[in-house]
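# Structural characterization, general
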Amino acid sequence: MEGEMEGEQPVKSAKQLEKEAKKAAKLEKLRLKQDKLSTPAPTSAEAKPPPQKKVKEVKESALYTTNTNPGEKKDVKCQMPDGYSPQYVEAAWYSWWEKSGFFKPEYGRKSVLEKNPKGKFTMVIPPPNVTGSLHLGHALTNAVEDCITRWHRMNGRTTLWNPGCDHAGIATQVVVEKKIWREEKLTRHDLGREEFVKRIWTWKNEKGNSIYEQLRSLGSSYDWSRVRFTMDPIMCRAVTEAFVRLYESGDIYRANRLVNWSCTLKSAISDIEVDKIELPGRTFMSIPGYENKVEFGVLVFFAYKVENSDEEIIVATTRVETMLGDTAVAVNPNDPKYKHLHGKFVTHPFCKRKLPIICDEYVDMSFGSGAVKITPAHDPNDYEVGKRHNLPFITILSDDGIIIGDCGQFTGMKRFDCRVEISKVLQTLGLYKEKKDNPMVVPLCSRSKDIVEPLLKPQWYVKCDELAANAVKAVQSGELKIIPESHEKTWYHWMSGIRDWCVSRQLWWGHRIPAYRVTIDGGFTDTVDENDRWICARSEAEAKEKAALKFKVDPSKITLEQDHDVLDTWFSSGLFPFSIFGWPDNTDDLQAFYPGSLLETGHDILFFWVARMVFFGQKLLGKLPFKEVYLHPMVRDAHGRKMSKSLGNVIDPIDVIKGIDLENLHKQLLNSNLDPKEIEKAKLGQKQDYPNGIPECGTDALRFALCAMTQGRDLNLDILRVQGYRFFCNKLWNATKFALTYFDSDKTYELCDGKNSTDYAPMDRWILSKVSAAVSQANTGFETYDFPSATTACYNLWLYEICDIYLEYLKPVFARNDKDEIAKAQRVLFTCLDFGLRLLSPFMPFITEELYQRLPRKKMDAPSICVAPYPVVSDCAWRDVDLENDVDIVMKTVHSIRSTRSDYNLINKQKTTAYLTSGSSGRIPELFRSLSSLAFTQVEDATPQSGCVILNMSEKIQVHLLLKGYIDTEKEMAKLLKKQEQLNQTVSKLTQAMGQSDYTTKVPTDVQSANVEKLNETHKELDGLVAAMELLKTM
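Residues numbered from 1 in each chain as written. Predicted model: local features only at pLDDT ≥ 70, side-chain atom pairs only at ≥ 80, totals over all residues. Heavy atoms only, no water.

## Focus on the overall build of the protein
Applied cut-off: Helix and strand labels come from DSSP, where a helix needs a run of H or I of at least four residues and a strand needs a run of E of at least two; each type is numbered from the N terminus. Two residues qualify as a contact provided that any one of their heavy atoms is within 4.5 Å of a heavy atom in the partner residue. Accessible areas in this description were obtained via Shrake-Rupley with a 1.4 Å probe; residue shielding takes into account the shown protein chains only. Neither His nor the chain termini are counted; the positive set is Lys and Arg, and the negative set is Asp and Glu. A charged residue contributes its charge at one atom only: NZ of Lys, CZ of Arg, CG of Asp or CD of Glu.
Assigned secondary structure in the protein consists of 33 helices and 33 strands. Expressed along its principal axes, the backbone C-alpha trace of the protein runs to roughly 125 × 95 × 80 Å. For the protein, the proportion of contacts with a sequence separation of at least 24, taken over those separated by at least 6, is 77%. Accessible surface, the protein as shown: approximately 51000 Å² in total, 50% of it carbon and sulfur. If the 138 positive side-chain charges of the protein are averaged to one point and the 140 negative ones to another, these points end up 2 Å apart.

So, in structure tokens, the structure goes:
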């Protein structure tokens, strides 16, 4: 007994337990304090543990896990994920679209030649480089082109968007050369031409199709059965045919002229491959092949001695090494300083030649000394002077930039080493005068980053004057339309000052020029100019036949050597609109799809590509290749800066689609060609613009954002705006998922009749009217290439009209259980969802397909939204502008009520009461009752009670919102009194300032106007405060 008593514990009261808990807490606090005091502070050498950040729980996006084989239709019978997941939505659809043939022009018809009363639409891809990976320029191009294509396809037209890829001569050769050197330490010359080209084909077959997969990931609806690579046999045949025909018509010729020469690539390059770098003055630049940086942006002055005289002529140059190729000194004939030297000579200090002093009005008397050194073989302006005065053309540079010829001690030097050495020797000779800062533009090869040299080379040229004149006429007559029209000025500018086009490239990868140099056993009987020894033909056998006829010799005596050069890549690109269809054969595709409907591309290649297509189409087929040209803006970052790796603002569209953290963005820089200093600068740029990385936005959001921002010359892409459209996708997903709960699981539904909507409730008729308005605006946007207008129509319909108003309006409708009312609402809701998804589909193909397939439709008119009819106004003649205006009035009142409730901090659960007083028997009161739930308010027909705030809905209708009992009157009165005091002070200050005697003379008129406006607004606000305080007194 005693032991049992000892084991029992007395029952403690609640107060005792609370007291003990507090005591224990104090003791624990004291213990922790003592522990802290007894622990020595960490020394500076000891590392403090970093403070642990709270990790925000990230909800995993849903994934589509159903086993669906590629090409099979996606399972849409499974339950919809809770929230929108781009990865879930975008899974499986594309392969089904492609396998089903929805993107082929033959879909739904027997032949491409079958006449279609709805018309046809044809467009070709601006072929991306085979070396390339997807960048934002591609993403913009594909977003815009695909929405156009899908719109035409959904309008029932025979539609073809033809894909392809460019062999990208220089870019591809450089990539493969670097790869072979990196892996095998071999050059292309070590391998030989045949083996090197074979290696490029191997690389292309292994890596070259990745760009196509990236285009698929964007949802681009190309007909992949017609994909073309510019080096495919069918394309090579077209290139050869075009070259031979243009040669035979006199539009291609061979000449020895200055070209843009890259010493690193050992090739001529096109103007578009030359970057013009502006220098403010003296600048040192890194040049390939040189250990030390090279000086640019200076003007070197040196003297030539006049022959048999003590006189000298001072000349200035930015490229002193080119003086080794000087063949004259030019002065202006009107310059009195040099009148006595006309017709005399100067002596070259290094080369055994005399230079004539020539007169030419090209010389600016006010620039420098008024005398100009003339180097015809290495300067475009000097080239023209040299031709006018029949001067010698002396080439002093080899293909790789080494000094050659009769240049004394400088022969064999690299050009920029020679630049330094010549200056030293000129100083020794007393001929060097001075060096000055000189702002200038330096031509840089975009591929190799080498300085471009003007070099004299025998090349093939396309004669452009007549081609350009015809291209100008096409635009002037309206036969070819350029959109936006502002680009027409650029078109005329390029065409008016056009030069003949050099199409020779000293590369191994590309279309080898079908020209053969003729040699005859025993030599030519007559003197034959070098350029006349060339024959252009479709094959070597044809060339031999042509040569035998031309030179009247037996074919057996003829030896041919094909030109080693290849054609400029833009030559084959210019043939793209018809070479892809089998030209020169008159194929069904050529008959059906040439000329095309539209060419869409960036305005930066209006001349380099668009013009060349127009040239070749008009010349070779007698028809323009397309009727319209739409030029989209250039993509820049959110700050309006050009995309640049060194700034860290280059964005890979795949990173926007899938998301990427900052650490992995930094890692991408390490795989680039940037030097360490630029990498650090780029990292700072990335950290500033994307501190948390780039969020997963999905393909649909990216496409929609790019189209919504397509206007003007530049598109400043803000990732936050793309993310905003990703939130829009989530709203779309949740709204449709919620709307589907309003449909009976055992029923299917039909669209509303296109013309009759009088049987429906006013708000049902209103949403149908808004659908009709959106249909009209979206179609007009597509027709006029006003994509922001079309996207705005879709966005507003879904976000503001369906989600914010109509779905909220429906909640009490379905709660009332009126079967007839619900049945009509269900049909209208089904119609809204169906029309809304089809409207949006060209911009957002994935989410609209996913949701379209889940609608409970009675009749499946189209297997996919891709080929469903695009809504047109004639299908939805529901527009009622008066009803829309009435709803606008009601919604303004709803917003006023919500704003008033917010001012008094009322939560949604606190339902307020509104009393409607009306001097009108119109439908506005009925509409307000229908929409009062959106204001968390119930409408009473009784006489308004005291304690109401009065809101004017219209001239004849007022809403009395009862607030008595909902708010703390003392607290609100204090707030209003404080605000009143602030406003009275504002009135006092303004009145005092405006009452000054010199106010009207000293204060600017715009400031006076602003003060008057501010004073009036303040008085109005005070009147409102007084009314609000009077209201509070009644509560």
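## Brief notes about the sheet that holds strand S23 (residues 534–536)
Operational definition: Pairs of strands are assigned from DSSP output, requiring at least two bridges between the strands. For helices, the fitted line uses only the C-alpha atoms of the stretch in contact; every axis is such a line through C-alpha atoms, and the angle between N-to-C directions lies from 0 to 180 degrees.
With antiparallel pairing, the 3 strands of this open sheet are ordered in space as S23-S22-S24. On the outer flanks of this sheet lie S23 and strand S24 (558–562), each paired with one strand and no other. When the angles between neighbouring strand axes are averaged without regard to direction, this sheet yields 35°. The pairing of strand S22 (residues 515–520) with S24 spans 5 bridges and is antiparallel. What sits directly across from Thr 519, in S24, is Thr 559.

## A word on the packing of helix H25 (residues 762–783) against helix H27 (residues 819–840)
Two packed helices can be described by the angle between their axes and the distance between those axes. Note the threshold: Angle categories: roughly parallel below 35 degrees, roughly antiparallel above 145, roughly perpendicular from 65 to 115, and oblique for all the rest. Crossings are assigned a handedness: left-handed for a near helix turned anticlockwise from the far helix by less than a right angle, right-handed for a clockwise turn. Under the scheme applied, nonpolar residues are Ala, Val, Leu, Ile, Met, Phe, Trp, Tyr, Cys and Pro; charged residues are Asp, Glu, Lys and Arg; polar residues are all the others, including Gly.
One can describe the packing of H25 onto H27 by two numbers: an axis separation of 10 Å at closest approach and a directional angle of 15°. On the basis of the axis angle, H25 is roughly parallel to H27. The two elements H25 and H27 cross, and the hand of that crossing is left-handed. The residues of H27 that touch H25, namely those facing Asp 764, Ile 767, Leu 768, Val 771, Ala 774, Val 775 and Ala 778, are Lys 824, Ala 825, Val 828, Thr 831, Cys 832, Phe 835 and Leu 839. Split into classes, the residues belonging to the contact of H25 with H27 amount to 11 nonpolar, 1 polar and 2 charged.

## Regarding the packing of aromatic side chains
Selection rule: Aromatic contacts are taken between Phe, Tyr and Trp rings whose centres are within 6.5 Å, Trp giving its six-membered ring; a plane angle under 30 degrees counts as stacked, one over 60 as edge-to-face, and the others as tilted. Think of it as a cone above the ring: NZ of Lys or CZ of Arg counts as a charge over the ring if it is within 6 Å of the ring centre and within 35 degrees of the ring normal.
Per the counting criterion, the structure on display carries 56 aromatic pairs. Here the aromatic residues Trp 151, Tyr 630, Phe 704, Tyr 725, Phe 728, Phe 782, Tyr 785, Phe 787, Tyr 795, Tyr 800, Phe 843 and Tyr 870 are joined through ring pairs into a cluster of three or more. Over the aromatic face of Tyr 88 sits the side chain of Lys 74, whose NZ or CZ is 4.8 Å from the ring centroid. The ring of Trp 501 has Arg 612 lying over it, and the distance from NZ or CZ to the ring centre is 3.9 Å.

## Observations concerning unusual backbone geometry
Here is the rule: Burial classes follow relative accessibility: with a 1.4 Å probe on protein chains only, a residue under 20% of its type's maximum area counts as buried, one over 50% as exposed, and anything between as partly exposed.
Cis rather than trans, the peptide bond between Trp 583 and Pro 584 has omega equal to 15°. Geometrically, the link from Tyr 594 to Pro 595 is a cis peptide bond, its omega value of 0° lying close to zero. Mapped onto the elements of the fold, Pro 595 is located in the loop between helix H18 (588–593) and strand S26 (598–602). Even without being glycine, Asn 308 reaches a positive phi, approximately 55°. Along the chain, the position of Asn 308 falls in the loop between strand S10 (298–306) and strand S11 (312–317). Judged by relative accessible area, Asn 308 falls into the exposed class, the value being 80%.

## Regarding helix H10 (residues 233–248)
What counts, and what does not: Working rule for helices: expected span equals 1.5 Å times residues minus one.
Its 16 residues place the ends of H10 23 Å apart at the C-alpha level, agreeing with the 22 Å of an ideal helix rising 1.5 Å per residue. Listed in full, the buried residues belonging to H10 are Met 235, Ala 238, Val 239, Thr 240, Glu 241, Ala 242, Phe 243, Val 244 and Leu 246. Immediately downstream of H10, the backbone of Gly 250 shows phi near 85°, a positive value.

## Some words on the pattern of salt bridges
The condition that has to hold: A carboxyl oxygen of Asp or Glu within 4 Å of a side-chain nitrogen of Lys or Arg is what we treat as a salt bridge.
Applying the stated criterion across every chain, the model contains 63 salt bridges. Close ionic contact of Asp 450 with Arg 415 constitutes a salt bridge, the shortest N to O distance being 2.6 Å. Placement of Asp 450 in the loop between strand S17 (440–445) and strand S18 (452–462) and of Arg 415 in helix H12 (residues 415–428) is noted, with a sequence separation of 35 residues between them. Both residues of the pair, Asp 450 and Arg 415, belong to the buried class. With its nearest N and O atoms 3.4 Å apart, the salt bridge here joins Asp 998 to Lys 1002. The exposure class of Asp 998 is partly exposed, given its relative accessible area of 29%.

## Concerning the side chain of Thr 1018
Within the element layout of this structure, Thr 1018 appears in helix H33 (residues 1005–1033). What makes Thr 1018 buried here is its relative accessible area of 6%.

## Considerations on the environment of Pro 336
Here Pro 336 shows up in the loop between strand S12 (328–331) and strand S13 (345–347). When the C-alpha atoms of Pro 336 and Pro 443 are compared, they prove to be 35 Å apart, with 107 residues separating the residues in sequence.

## What to know about the sheet that holds strand S6 (residues 267–268)
Across the sheet, which stays open at both edges, the 4 strands sit in the order S6-S5-S18-S20 with antiparallel pairing between neighbours. Strands with a single pairing partner mark the edges of an open sheet, and in this sheet they are S6 and strand S20 (501–502). Each of strand S5 (252–262) and S18 is contacted by helix H11 (residues 380–388), which is oriented at about 140° to S5, the strand it contacts most.

## Digging into the side chain of Asn 155
With respect to the secondary-structure elements, Asn 155 resides in the loop between helix H5 (136–154) and strand S2 (158–162). Residues within four places of Asn 155 in sequence aside, it is in contact with Lys 118, Tyr 870 and Val 872.

## Some details on the environment of His 342
The topology assignment puts His 342 in the loop between S12 and S13. Under the relative-accessibility criterion, His 342 is labelled partly exposed at 28%. Considering only alpha carbons, one finds His 342 and Ala 92, 250 residues apart in sequence, at a separation of 81 Å. For His 342, the contacting residues outside a window of four places in its chain are Val 331, Asn 332, Pro 333 and Cys 359.

## Things to note about the packing of helix H13 (residues 465–476) against helix H19 (residues 606–621)
Their axes nearest at 9 Å, the elements H13 and H19 cross at an angle of 95°. By the angle between their directions, the pair H13 and H19 is classed as roughly perpendicular. Of H19, the residues touching H13 (which contributes Glu 466, Leu 467, Ala 468, Asn 470, Ala 471 and Ala 474) are Val 614, Phe 615, Gln 618 and Lys 619.

## As for H11
Side chains of residues three or four places apart in an α-helix project in the same direction, reflecting 3.6 residues per turn. As a reminder of what qualifies: Directions drawn from the helix axis to the C-beta atoms are what define this arc. Side-chain atoms alone can form a polar contact between residues adjacent in sequence; in general such a contact is a pair of N or O atoms within 3.5 Å, and within protein one must be able to donate a hydrogen while the other accepts it.
Taken together, the buried positions of H11 are occupied by Asp 382, Tyr 383, Val 385 and Gly 386. For H11, the arc enclosing every buried residue in end-on projection is 165°, short of the 170-degree limit, so these residues lie on one face. One side-chain oxygen at the N-terminal end of H11 lies 2.9 Å from the backbone nitrogen of Asn 381; it belongs to Asp 379. Note on H11: the residue one or two positions beyond its end, Asn 390, has a positive phi of about 55°.

## Topic: the nonpolar core
Definition in use: Residue types Ala, Val, Leu, Ile, Met, Phe, Trp, Tyr and Cys, when buried and joined through side-chain atoms within 4.5 Å, form a set referred to as a nonpolar core.
The biggest cluster of nonpolar side chains holds 231 residues, and the ones touching the most others in it are Trp 491, Phe 571, Phe 615 and Leu 810. Residue contributions to this core peak at 16 residues, all from helix H26 (residues 787–815).

## Description of the confidence of the model for the protein
Convention followed: What pLDDT expresses is the predictor's confidence in each residue, scored from 0 to 100.
Predicted confidence across the protein gives a mean pLDDT of 89, with 93% of residues reaching 70 or more. Considering only residues more than four positions removed or in separate chains, one finds that residues 1–14, a stretch of pLDDT under 50, has 2 contacts. In the model, residues 36–57 has pLDDT below 50 throughout and makes 1 contact with residues more than four positions away in sequence or in other chains.

## Some remarks on the environment of Ser 221
Inspection of the secondary structure assignment puts Ser 221 in the loop between helix H9 (210–217) and strand S4 (228–229). Distance from Ser 221 to Met 413, taken between C-alpha atoms, is 56 Å for residues 192 residues apart in sequence. Other than its neighbours up to four places away in sequence, Ser 221 contacts Tyr 94, Phe 103, Asp 146, Thr 149, Arg 150, Arg 153 and Trp 161. Reaching out from Ser 221, the side chain makes a polar contact with the side chain of Asp 146 at a distance of 2.6 Å.

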